[in-house]
Protein chains: 2
Amino acid sequence: MKIVTWNVNSIRIRLEQVIFWLNQSPIDILCLQETKVIDPEFPRSPFEKLGYYVYSSGQKAYNGVALISSEPLKDVSVGFTPILPNIEPAWDLQKRVITGVIDSIRIVNLYVPNGSALGSDKYEFKLNWLKVLHHYLQTLLPSQPKICMCGDFNIALAAEDIYQKTNLDNHIMASEPERQALRDILDLGFADAFRKFTTEGGHYSWWDYRAGAFRRNMGWRIDHHYLTPILYEQAKSCIIDVNPRKSPQPSDHTPVILEI
Amino acid sequence: MKIVTWNVNSIRIRLEQVIFWLNQSPIDILCLQETKVIDPEFPRSPFEKLGYYVYSSGQKAYNGVALISSEPLKDVSVGFTPILPNIEPAWDLQKRVITGVIDSIRIVNLYVPNGSALGSDKYEFKLNWLKVLHHYLQTLLPSQPKICMCGDFNIALAAEDIYQKTNLDNHIMASEPERQALRDILDLGFADAFRKFTTEGGHYSWWDYRAGAFRRNMGWRIDHHYLTPILYEQAKSCIIDVNPRKSPQPSDHTPVILEI
DNA sequence: GGTGACATTG
DNA sequence: CAATGTCACC
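Chain A carries the name Exodeoxyribonuclease III in an unreviewed UniProt entry, which gives Umezakia ovalisporum FSS-43 as its organism. Quoted verbatim from the Sequence similarities (unreviewed entry) heading of the UniProt record, the comment on chain A is "Belongs to the DNA repair enzymes AP/ExoA family." Taken directly from UniProt, the Cofactor (unreviewed entry) text for chain A runs: "Mg(2+)".

In structure tokens form, the structure reads like this:
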């Protein structure tokens with residue numbers, strides 16, 4: 001089974017590229033982030049014509065996640081509140097979480113807040129959001145041993161996940177508090193699928209649109225598949241497909257393909 | 001000598017098209033309207049590399065006029081106030097007038113206000129602006145027998161300048177008050193260069209972006225060259241080049257070329 | 001309705 | 001640098 005995560009930065013703008021990519025790369029589940037479209041306007045039919053099932057949780061202009069699946073998903077839910085009914089409903093105003101079950105594997109597709117700049121309100125929101133996510137997974141895990149949590153985490157955990165550059169400690173996506181918040185989540189029992197197969201640095205999933213970052217390979221690995229032990233054992237490969245980033249009007253992220 | 005008028009609807013967006021057109025159509029003066037850029041940001045060098053001299057009077061986002069000339073122009077001025085020092089300076093807040101002299105011919109390049117809708121404040125502004133223009137030309141004429149006044153007039157004077165459609169009297173660009181205001185100006189001693197050569201209708205310089213107006217040739221002739229008698233006598237041709245309107249990302253106007 | 005400029009976000 | 005919404009204009 002192939003599970004892909006891809007922050008498309010607007011599904012409407014990227015639709016043709018995503019369909020083209022799907023035609024060349026048949027997969028089982030495609031986890032999209034930053035769809036930037038409300039559900040009634042999600043372009044379902046291009047996927048449905050290829051035989052895929054579409055589940056989306058979107059909003060106007062920002063955020064938005066979707067699951068594109070070769071088979072109908074079970075137990076689909078969006079946001080934190082279906083699993084954490086007692087939390088503040090405001091946590092689900094931004095559409096960043098969608099989950100569903102295929103072959104007894106729970107896919108959790110996430111678009112983790114970017115956090116803007118250290119010390120900003122958005123940074124605080126990111127850290128608190130990660131605490132809610134911790135709680136969410138803690139609640140899921142007892143009944144759900146097979147979880148594939150993937151998406152755009154907006155966090156690079158290790159130095160080798162970032163192109164060489166000094167003074168990254170105070171950089172968003174690399175600061176200690178957000179890394180620790182993510183490590184706390186992984187400590188619930190998740191492991192990084194990509195690092196099962198590839199230990200060296202220089203493999204990235206995101207390159208800033210600015211400053212010719214892609215051309216100079218100034219990238220970050222911030223799109224991840226985190227697996228519970230059974231799935232981690234079963235993982236066969238985890239590959240970053242750099243090609244879509246080379247397209248004329250690319251997303252700033254490129255797909256990451258897990259095979260289990 | 002070839003004098004061209006072209007409302008480009010943003011010189012930055014249309015730059016490539018305009019340079020391409022100039023390369024195929026060597027001309028003496030290009031009068032641009034709706035440049036939509038302040039003078040320091042006007043893309044001078046692409047024109048200067050082709051040997052042209054650039055004179056611009058622009059503002060942020062709206063309006064803006066420019067003269068592109070194969071020879072240096074004399075006596076360049078922008079706005080009404082250099083000729084009419086006693087008028088309210090507010091008349092020059094919108095950048096709609098630029099003039100310069102080549103071969104003892106005064107080029108007056110105009111972007112007449114559109115007027116929005118009959119009875120609106122913008123309509124009143126258009127009528128009053130035309131009165132100021134009348135005064136401006138009256139002041140210029142005694143010392144300047146050769147005037148080529150051209151640009152986007154946002155007025156079609158005759159039925160044959162507009163595609164067939166009923167009830168145009170109350171339509172902006174065709175209403176009697178604005179037509180009369182323009183006729184009053186022409187009565188100072190100007191004649192329509194285009195109508196020296198072409199009497200039949202169906203020749204247009206502007207097509208609305210909406211409703212497939214260009215495809216259906218639902219156009220208007222609102223971009224004009226008005227000449228004083230000596231120049232009118234000398235006029236050799238006046239041609240509308242429809243081709244640029246067929247480009248992928250066209251201006252809604254197409255260039256009109258006068259040869260004298 | 002079809003453009004373009006601009007402000008905001010990432 | 002590349003998205004979106006909002007606005008103004010035609």
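Engineer: Sorry if this is basic, but what is going on with the protein's contact with DNA strand C here?
Structural biologist: Residues and elements named next belong to chain B. Inspection of the region around DNA strand C gives 16 residues, with Ser10, Arg14, Lys60, Tyr209 and Arg210 positioned closest. For DNA strand C, the fraction of atoms within 4 Å of the protein that belong to sugar or phosphate moieties is 74%. A distance of 3.0 Å separates a phosphate oxygen of DNA strand C from a polar atom in the side chain of Arg14. Here a base nitrogen of DNA strand C and a side-chain polar atom of Arg210 are 2.4 Å apart. Ranked by residue count, the leading element in the surface near DNA strand C is helix H1 (residues 11-24), at three residues. Across the surface near DNA strand C, the residue classes break down as five nonpolar, four polar and seven charged.

Engineer: Would you take a moment to explain the protein's contact with DNA strand D for this structure?
Structural biologist: Taken together, 16 residues form the shell around DNA strand D, and within it A:Arg14, B:Tyr62, B:Tyr111, B:Lys122 and B:Arg210 come nearest. Close to the protein, within 4 Å, the atoms of DNA strand D belong to sugar or phosphate groups at a rate of 88%. With respect to DNA strand D, the side chain of A:Gln249 contributes an N or O atom lying 3.3 Å from a phosphate oxygen. The side chain of B:Arg210 places a nitrogen or oxygen atom 2.9 Å from a base oxygen of DNA strand D. Residues that form the surface near DNA strand D fall into these classes: six nonpolar, three polar and seven charged.

Engineer: Sorry, what's going on with the sheet that holds strand E12 (residues 223-227) of chain B here?
Structural biologist: Adjacent strands of a sheet form backbone hydrogen bonds with each other and so pair up, either parallel or antiparallel. Residues and elements named next belong to chain B. If you trace the six strands from one edge of the open sheet to the other, you get E5-E6-E7-E8-E12-E9, paired in mixed fashion. The two strands at the open ends of the sheet, each matched to only one other strand, are strand E5 (74-78) and strand E9 (191-192). Pairing of E5 with strand E6 (residues 97-102) involves three bridges; the strand directions are antiparallel. Of the residues in E6, the one forming a bridge with Val78 is Ile98. The strands touched by helix H3 (residues 121-140) within the sheet are E6, strand E7 (105-111) and strand E8 (147-152), with E7 carrying the most contacts at an inclination of about 175°.

Engineer: Got a minute to help me understand the pattern of salt bridges in this structure?
Structural biologist: Where charged atoms from two side chains of opposite charge approach closely, those side chains can pair. Residue and element names in this part refer to chain A. What the rule picks out here adds up to 18 salt bridges over all chains. When the shortest N-O distance is used, the salt bridge between Glu41 and Arg12 registers 3.1 Å. Here Glu41, found in the loop between strand E2 (29-33) and helix H2 (45-48), pairs with Arg12, found in helix H1 (residues 11-24); they are 29 residues apart in sequence, far enough to count as distant. We classify Arg12 as partly exposed; its relative accessible area is 46%. The shortest N-O distance in the salt bridge between Arg183 and Glu176 comes to 2.9 Å. Taking relative accessible area as the criterion, Arg183 reaches 27% and is therefore assigned partly exposed. When salt bridges with common partners are traced through the structure, they connect Asp161, Asp192, Arg195 and Arg221 into a single cluster.

Engineer: How do you make sense of the sheet that holds strand E5 (residues 74-78) of chain A when you look at a structure like this?
Structural biologist: Residues and elements named next belong to chain A. The six strands lie next to each other as E5-E6-E7-E8-E12-E9, forming an open sheet whose pairing is mixed. The sheet terminates laterally at E5 and strand E9 (191-192), the two strands that pair on one side only. Helix-sheet contacts for helix H3 (residues 121-140) involve strand E6 (97-102), strand E7 (105-111) and strand E8 (147-152), and the interaxial angle to E7 is about 175°.

Engineer: Sorry, what's going on with the layout of surface pockets here?
Structural biologist: Remark: the empty space left among the atoms is shown by a probe the size of a water molecule rolled over them. Residues and elements named next belong to chain A. Its boundaries defined by the atoms lining it, the largest pocket holds a volume of some 820 Å³. In terms of lining residues, the largest pocket is bounded by 33 residues, among which Tyr111, Asn114, Gly115, Ser116 and Asn154 are the most central. Of the residues in the lining of the largest pocket, the class split is 15 nonpolar, nine polar and nine charged. The volume enclosed by the second largest pocket comes to roughly 530 Å³. When grouped by side-chain class, the residues that make up the lining of the second largest pocket number 11 nonpolar, six polar and seven charged.

Engineer: Quick question: what am I supposed to make of the pairing of E2(A) here?
Structural biologist: Side-chain positions along a regular strand alternate between the two faces of the sheet. Residue and element names in this part refer to chain A. Most of E2 is tucked away, with five of its five residues classed as buried. The two faces of E2 match: Ile29, Cys31 and Gln33 on one face and Leu30 and Leu32 on the other face are all buried. As paired elements, strand E1 (residues 2-7) and E2 share five bridges and run parallel to each other. Paired with Thr5 across the bridge in E2 is Cys31. Crossover connection from E1 via H1 to parallel E2: handedness right-handed. Pairing of E2 with strand E4 (residues 65-69) involves five bridges; the strand directions are antiparallel. Looking at the pairing, Leu32 lines up with Ala66 of E4.

Rules used in this analysis
- Residues numbered from 1 in each chain as written.
- Chains lettered and ligands numbered in written order.
- Predicted model: local features only at pLDDT ≥ 70, side-chain atom pairs only at ≥ 80, totals over all residues.
- Heavy atoms only, no water.
- UniProt positions renumbered as here; feature names shortened; annotations may be inferred.
- Near = heavy atom within 4 Å.
- Polar contact = N/O pair within 3.5 Å; in protein donor to acceptor, adjacent residues only side chain to side chain.
- Helix = DSSP H or I, 4+ residues; strand = E, 2+ residues; numbered from the N terminus.
- Nonpolar A, V, L, I, M, F, W, Y, C, P; charged D, E, K, R; others polar.
- Pairing = 2+ DSSP bridges.
- Contact = heavy atoms within 4.5 Å.
- Axes fitted to C-alpha atoms, helices over the stretch in contact; angles between N-to-C directions.
- Salt bridge = Lys/Arg side-chain N within 4 Å of Asp/Glu carboxyl O.
- Buried < 20%, exposed > 50% of the residue type's maximum accessible area, 1.4 Å probe, protein only.
- 1 Å grid on protein atoms, 1.4 Å probe; cavity = no way out; pocket = protein on both sides within 12 Å on 5 of 7 lines; lining within 4 Å.
- Points joined across faces, edges and corners; volume = space filled by probe spheres on them.
- Right-handed = clockwise from strand over helix to strand, strands pointing away.

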